[in-house]
Amino acid sequence: QQPVQSPQAVILREGEDAVINCSSSKALYSVHWYRQKHGEAPVFLMILLKGGEQKGHEKISASFNEKKQQSSLYLTASQLSYSGTYFCGTESLNSGGGADGLTFGKGTHLIIQP
Amino acid sequence: DTEVTQTPKHLVMGMTNKKSLKCEQHMGHRAMYWYKQKAKKPPELMFVYSYEKLSINESVPSRFSPECPNSSLLNLHLHALQPEDSALYLCASRGDRGPMNTEAFFGQGTRLTVV
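Read on for a plain summary of the structure. Please read all numbers here as calculations on a predicted model, not as lab measurements. (Residues numbered from 1 in each chain as written. Chains lettered and ligands numbered in written order. Predicted model: local features only at pLDDT ≥ 70, side-chain atom pairs only at ≥ 80, totals over all residues. Heavy atoms only, no water.)

All names here are of chain A. Mapped onto the elements of the fold, Tyr74 is located in strand S8 (residues 70-75). Judged by its relative accessible area of 27%, Tyr74 is partly exposed. For the pair Tyr74 and Gly105, spaced 31 residues apart in the sequence, the C-alpha separation amounts to 17 Å. Side chain to side chain, Tyr74 and Ser63 meet in a polar contact 3.2 Å long. (Helix = DSSP H or I, 4+ residues; strand = E, 2+ residues; numbered from the N terminus. Buried < 20%, exposed > 50% of the residue type's maximum accessible area, 1.4 Å probe, protein only. Polar contact = N/O pair within 3.5 Å; in protein donor to acceptor, adjacent residues only side chain to side chain.)

Residues and elements named next belong to chain B. Reading across from one edge, S1-S3-S8-S7 is the order of the four strands in this open sheet, with antiparallel pairing throughout. Among the strands making up the open sheet, the edge pair consists of strand S1 (4-7) and strand S7 (64-70). The sheet shows a mean angle of 20° between the axes of neighbouring strands, taken without regard to direction. As paired elements, S7 and strand S8 (residues 73-79) share five bridges and run antiparallel to each other. Considered in S8, the bridge of Glu67 is made with Asn75. (Pairing = 2+ DSSP bridges. Axes fitted to C-alpha atoms, helices over the stretch in contact; angles between N-to-C directions.)

Residues and elements named next belong to chain A. Strand S4 (residues 30-36) sits mainly inside the fold: seven of its seven residues count as buried. Of the two faces of S4, the one lined by Ser30, His32, Tyr34 and Gln36 and the one lined by Val31, Trp33 and Arg35 are each fully buried. Alignment of S4 against strand S5 (residues 43-49), held across six bridges, turns out to be antiparallel. When the bridges of S5 are listed, Tyr34 appears paired with Phe44. Across seven bridges, the pairing between S4 and strand S9 (residues 84-91) is antiparallel. Residue pairing across strands places Val31 opposite Thr90, the latter belonging to S9.

Nothing here speaks to function; it is all geometry.
This is the structure:
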């Protein structure tokens, strides 16, 4: 089942903050965040595993609320290079205990203006 | 080497042609994936290979035929495609198909146009 992302699009001024949300109706094992620029491949940002941990990398961080099956990506003091489409990819465990590949949300289109 | 290499980068083919897409990685990853991405849409999972065996086929039409000749190489054979199959085809690899917290590395994709 495809996770639901919100908002669909965000326009920010450089230096402003943004939050992108991802939720699923299915029990999740992990949530992956990717950024894709036009004409390029998705680029990995971070993984969050069930357990509600929060991860961060420089000015980008994320959280995973296992009870709510929700993840949020936080972009702090946004830079022009943050522009692109952000996808969350979710993964559940199958009956054999394996993970079957990522199902991506529809994406959030982020535009950073100078 | 943390790259997934896809060839060709662009492909134009007729509906009666047979062509193949190639994907290669040398990271020792044992799970490899094919995704299809239409414009302004998210990548959609097509096939999953784990230890060179096809483990998942997401109800993909038989005109798409995957092949994994060895642990480093993944092919996607195309035959009798339709114009609606035009898309960006992405290959990805990952450490293991099991429940590991590993990222998926994506290739740059093959942009396919069916005429």
